[in-house]
Every structure is written in structure tokens, then in C-alpha cells.
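Spelled out, the chains give:
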Amino acid sequence: MEKERLYQMIDEREGFASLAFPALMRKVYLWMTLALAITAVTAWGVADSPSLLMAIYGTKYAIWGIIIAELALVFTVSGAINRLSLTTATLLFTLYSVLTGVTLASIFIMYSPAIITKVFLITAGTFGVMAVVGYTTKTDLTSLGKLMFMALLGLIIATVVNLFFIKSGSMDLIISYVGVLVFVGLTAYDSQKIKHMLMACPDASEQAQKLALLGALSLYLDFINLFLYLLRIFGKNND
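The present account deals with the structure reproduced in this document.

Here is what the cut-offs are and how they apply
- Residues numbered from 1 in each chain as written.
- Predicted model: local features only at pLDDT ≥ 70, side-chain atom pairs only at ≥ 80, totals over all residues.
- Heavy atoms only, no water.
- 1 Å grid on protein atoms, 1.4 Å probe; cavity = no way out; pocket = protein on both sides within 12 Å on 5 of 7 lines; lining within 4 Å.
- Points joined across faces, edges and corners; volume = space filled by probe spheres on them.
- Helix = DSSP H or I, 4+ residues; strand = E, 2+ residues; numbered from the N terminus.
- Nonpolar A, V, L, I, M, F, W, Y, C, P; charged D, E, K, R; others polar.
- Phe/Tyr/Trp six-rings, centres within 6.5 Å; stacked < 30°, edge-to-face > 60°.
- Buried < 20%, exposed > 50% of the residue type's maximum accessible area, 1.4 Å probe, protein only.

1. Things to note about the layout of surface pockets
Any space left empty among the atoms is revealed by the rolling of a water-sized probe across them. Approximately 2200 Å³ is the volume found for the largest pocket. If you trace the largest pocket, you find 49 residues lining it, with Ile 67, Thr 159, Asn 225, Leu 228 and Tyr 229 closest to the centre. Elements represented by at least two residues in the lining of the largest pocket include exactly helix H4 (60-79), helix H5 (86-104), helix H6 (107-110), helix H8 (142-166), helix H9 (169-199) and helix H10 (206-237). No other element matches H10, which puts 14 residues into the lining of the largest pocket. Here the lining of the largest pocket is built from residues that sort into 33 nonpolar, 9 polar and 7 charged. Size it by volume and the second largest pocket reaches roughly 330 Å³. Contributing to the lining of the second largest pocket are 17 residues, with Ala 40, Phe 108, Ile 116, Phe 120 and Phe 227 lying nearest its centre. Contributing elements (two or more residues each) for the lining of the second largest pocket: helix H2 (20-47), H6, helix H7 (113-136) and H10. Top contributing element to the lining of the second largest pocket by residue count: H2, with 6 residues. Its residues assigned to classes, the lining of the second largest pocket shows 15 nonpolar, 2 polar and no charged.

2. Considering the packing of aromatic side chains
Given two aromatic rings, their pairing is described by the distance between the two centres and the angle made by the two planes. By the definition in use, this model includes 8 aromatic pairs. Geometrically, the ring pair formed by Phe 93 and Tyr 220 is edge-to-face, given 5.7 Å between the ring centres and 85° between the ring planes. A residue pair is termed long-range when its members are at least 10 positions apart, and Phe 93 in helix H5 and Tyr 220 in helix H10 qualify at 127 residues. For the pair Phe 93 and Tyr 220, one class covers both residues: buried. Taken together, Phe 120, Phe 127, Phe 223 and Phe 227 form an aromatic cluster joined through their ring pairs.

If you want it as C-alpha cells, here you go:
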């Protein structure tokens, strides 16, 4: 009942959100868009350089090192955002975007530019629709968010099991479809969560901007993962 009352109060006060709220929301999508652009440019640059590809994918230790570094950056930004300055958090987010681009360079080898472009447009459309749904709906999506996080944990376990033990193409396709559903749901949930979080900020202080940056990171991760799962589905359909 307390949670329902809280959301009711937020809905009643939407017209009285601080003047900083629109600016903070713009920062969320600006940071997210810039991060996606950095990732795309990095991925294309690495894919276009045989020497870089050899250095990264020539040994499994290099790519695993990059993946571990990515995980460390996400946990650092998410877990220590209150202790980081806005400049430091932004630089770490930028570095994460670059490393993600490095790991995504392989998609330019595995898939044709036409497929990548088509899937990117599908991802952008799907993401945009769900972001609007999450932002505008009056329904509390907290329960959906919890369900999606539990599904995400199951998805990770299933992916690891299939990768190292089952090694089934059919299982991989099923995981991809489930992954799309999970990140479609998370996009709506994160959009609503970010909205409510930033509406509570009285001004555009550094702390508020760090919350906006954290929101941008969440949506960036939703977009990237949704894109990758859709790419695996459409890529298989075009083999």
C-alpha cells in the first residue's frame, strides 16, 4: 500500500516536477546516444584493422581480459557512483563504451553490413517504443522489473551451460528469443525507474547528474543486449 501511495503521489506531482527534470532526462538520452556512437565507431575501427583484430582475437586471454575489464567498470560505476566525481564517472562510462566496441568488432566479421543495419533499426524502433511505454504508463512496473531480473539470471546460467556443455544451436536460438523478451521488459522498467528517480531531484546538482549518468548506463546496456540477441536471431535466419 505504501508503494502504491508513493506512485500515486508522484503521478499527482508530475506537473510540478522541478525545472531540472527535463534537462536531466535529456542528459540521460544524450549520454546514452554518445556511448552508442563511441561503441559503433570503435567496433568499426577495430574490425577494419587486421592487426588489431589479430591482437585482440589472436589469443583468448586478450578478449577475456577485456570482458573482465568491462564487468569491473560496470560494477564500479554502478556500485561506487556516490563516491565518484561526475567527471570520473563519465570517463569510466566512456571507457566502457570503447571496450564494448572492441568486443563487438567481431560482428562485422560474422554478419553482413545489411543484416547489422537492419537489426540496428529494429532494435532502435523496439527500444524507442518500450522506452515511451515505460515513461508514460501509470502502471507500477516494479514487479515486472523483479521478474525480468530473475529471468536475466536464468538467462545467464542457461547461456553458460549451453556454451560449455550442451552446445546446441536450437538452445541458443531459444535463449536469444528469451533474451529479447527480457531486455524489452527491462527497457520499459528502467525508463520508468529513471523517470521517477530524476523527478525527485530538486535541481541539476552533480549528484542528480550522476543519477542521470547511471540511468544512461542502464539504458545503454538494455539497448546493446537487445541488439545482440536480435542479431543472433536474424543472423541465423539469413544463414
